[in-house]
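# Descriptive analysis of the structure
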Amino acid sequence: MLNVYKQITQNKLKSTLVIIFFIAFVSLIGYSLSYLFELGTGYFVFAIIFSLFSSFTSYFWGDKIVLKLNGANPASRQKYFNFYTVTENLSMANKTPMPRIYVINSPSMNAFATGRDPQHSVICATTGLLEKLNRTELEGVIGHELSHIKNYDIRLMMIVSMLIGTLSILINMAYRTSMFGNKNDNKNGLSSIFAILGLILIIFAPLIAQLIQFAISRQREFLADASSVKLTRQPQGLIDALTKITQDPNIMSTASTATASLYISNPFKNNKLASLFSTHPPVQDRIRALQQML
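Here the structure is a predicted model, which means the values were calculated and not measured. (Residues numbered from 1 in each chain as written. Predicted model: local features only at pLDDT ≥ 70, side-chain atom pairs only at ≥ 80, totals over all residues. Heavy atoms only, no water.)

Let's shift gears to the overall build of the protein. Counting secondary structure elements, the protein contains ten helices and four strands. In sequence order, the secondary structure elements of the protein are arranged as α-α-β-α-β-β-β-α-α-α-α-α-α-α. Relative to its 294 residues, the protein shows a buried fraction of 52%. In the protein, the proportion of contacts linking residues at least 24 apart, taken out of those at least 6 apart, comes to 73%. With the model as given, the accessible surface of the protein reaches about 14200 Å², and the carbon-plus-sulfur share is 63%. (Helix = DSSP H or I, 4+ residues; strand = E, 2+ residues; numbered from the N terminus. Buried < 20%, exposed > 50% of the residue type's maximum accessible area, 1.4 Å probe, protein only. Contact = heavy atoms within 4.5 Å. Areas by Shrake-Rupley, 256 points an atom, 1.4 Å probe, with all protein chains shown as cover.)

Quick look at the structure:
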């Protein structure tokens, strides 16, 4: 049986550590650039302020930004009755507040949850998923997302997704600075070591960010699947839902690499290059694990 309270504690701690790591990472990059290209202390101070602001924004407004980036709109009870009532009923069974529900107008089948805690949570589904799943299958998907909410996976993954998006902007700025800045050749001592380390981090930052997402996301999908079955008592519903989602040929055009880890299934499943670095475990492995619960 999953130790939910331990999972929640770990996710809260990891969320804090991710923010601390991000601030330190950005500060080091700022120091490296200011030293290597004689940009002065102003650039270093800007990097610190930038990282603090990004972390603050990610925590308090990350869900709104994620919804906006994915083109999501609020879902009404009248228009999306099954979606609304399934979420409402399972939220009561899950003993968590009912999240706000949103829809993305896309034929692709997918869904995600986001927010900083169960009191400020959101579940979003595509119109394609809502149209193609029956109620039992939808319960499996919503149960999966509610498990992410209860376990505070949503906070951790939202912060990671937002900060990785911010990091990509910073890396682009760093690259432009390195192209046009005046190089400082008077490198010596400890300052030189930090500067070189920062430059190495700039080069490998995209890979580091991907590995962080990879490490954080994969195991959580198995845990959320198991928690969904525990909540709905119907493993076949989630099995059938995952099968349909996997077989769906439509492309999730609104997804980005920064937010891909939020979805129940890899939104880049038709992109072979992106799939190599997927933040999701293979669906076949997830289905196999669920079949053992039948």
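That shown, we press on.
All right, on to the packing of aromatic side chains then. Scanning all chains against the criterion turns up six aromatic pairs. Where Phe56 meets Phe60, the ring centres are 4.8 Å apart and the plane angle is 45°; that geometry is what we call tilted. Residue Phe56 and its partner Phe60 are both found in helix 2 (residues 41–69); the two are separated by four residues, about one turn of the helix. Taking the relative accessible area as the measure of exposure, Phe56 reaches 43% and is therefore partly exposed. Judged by centre distance (5.5 Å) and plane angle (70°), the ring pair of Phe56 and Trp61 falls under edge-to-face. (Phe/Tyr/Trp six-rings, centres within 6.5 Å; stacked < 30°, edge-to-face > 60°.)

Moving on, we come to the UniProt feature "active site" (unreviewed entry) in the protein. UniProt records the feature "active site" (unreviewed entry) for Glu145 in the present numbering. Examined against the element boundaries, Glu145 turns out to sit in helix 5 (residues 135–150). You can call Glu145 buried: its relative accessible area is 0%. Contact partners of Glu145, with chain neighbours within four places excluded, come to Ala111, Phe112, Ala113, Ile123 and Ile264. (UniProt positions renumbered as here; feature names shortened; annotations may be inferred.)

Here we come to helix 10 (residues 283–291). Looking at helix 10, one finds that the buried residues are Val283, Arg286, Ile287 and Leu290. One face of helix 10 carries all of its buried residues, which in axial projection span an arc of 100°. (Arc of directions from axis to C-beta.)

Our focus in this paragraph is the side chain of Ser108. Note that Ser108 resides in the loop between strand 2 (100–104) and strand 3 (111–115). Leave out the neighbours within four places in its chain, and Ser108 touches Thr126, Gly128, Leu129, Asp248, Asn250, Ile251 and Met252.

Attention now goes to the packing of helix 3 (residues 81–94) against helix 5. The contact between helix 3 and helix 5 brings their axes to 9 Å, and the two run at 50°. The orientation of helix 3 relative to helix 5 falls into the category oblique. Between helix 3 and helix 5 lies a crossing of right-handed hand. Where helix 3 approaches helix 5, its residues Asn82, Phe83, Thr85, Val86, Thr87, Asn89, Leu90, Ser91 and Asn94 are matched on the opposing element by Arg135, Leu138, Glu139, Ile142, Gly143, Leu146 and Lys150. (Axes fitted to C-alpha atoms, helices over the stretch in contact; angles between N-to-C directions. Parallel < 35°, antiparallel > 145°, perpendicular 65-115°, else oblique. Left-handed = near helix turned anticlockwise from the far one by under 90°.)

Another aspect to go through is the nonpolar core. Counting 32 residues, the largest nonpolar core has Phe83, Leu129, Leu130, Val141 and Ile142 as its most contacted members. Those residues within four positions of Leu129 in sequence are excluded, and the remaining contacts are Ser108, Met109, Asn110, Ala111, Leu138, Val141 and Ile245. Within the second largest apolar cluster, 31 residues are counted, among which are Phe25, Val26, Tyr102 and Ile104. (Core = buried A, V, L, I, M, F, W, Y, C linked by side-chain atoms within 4.5 Å.)

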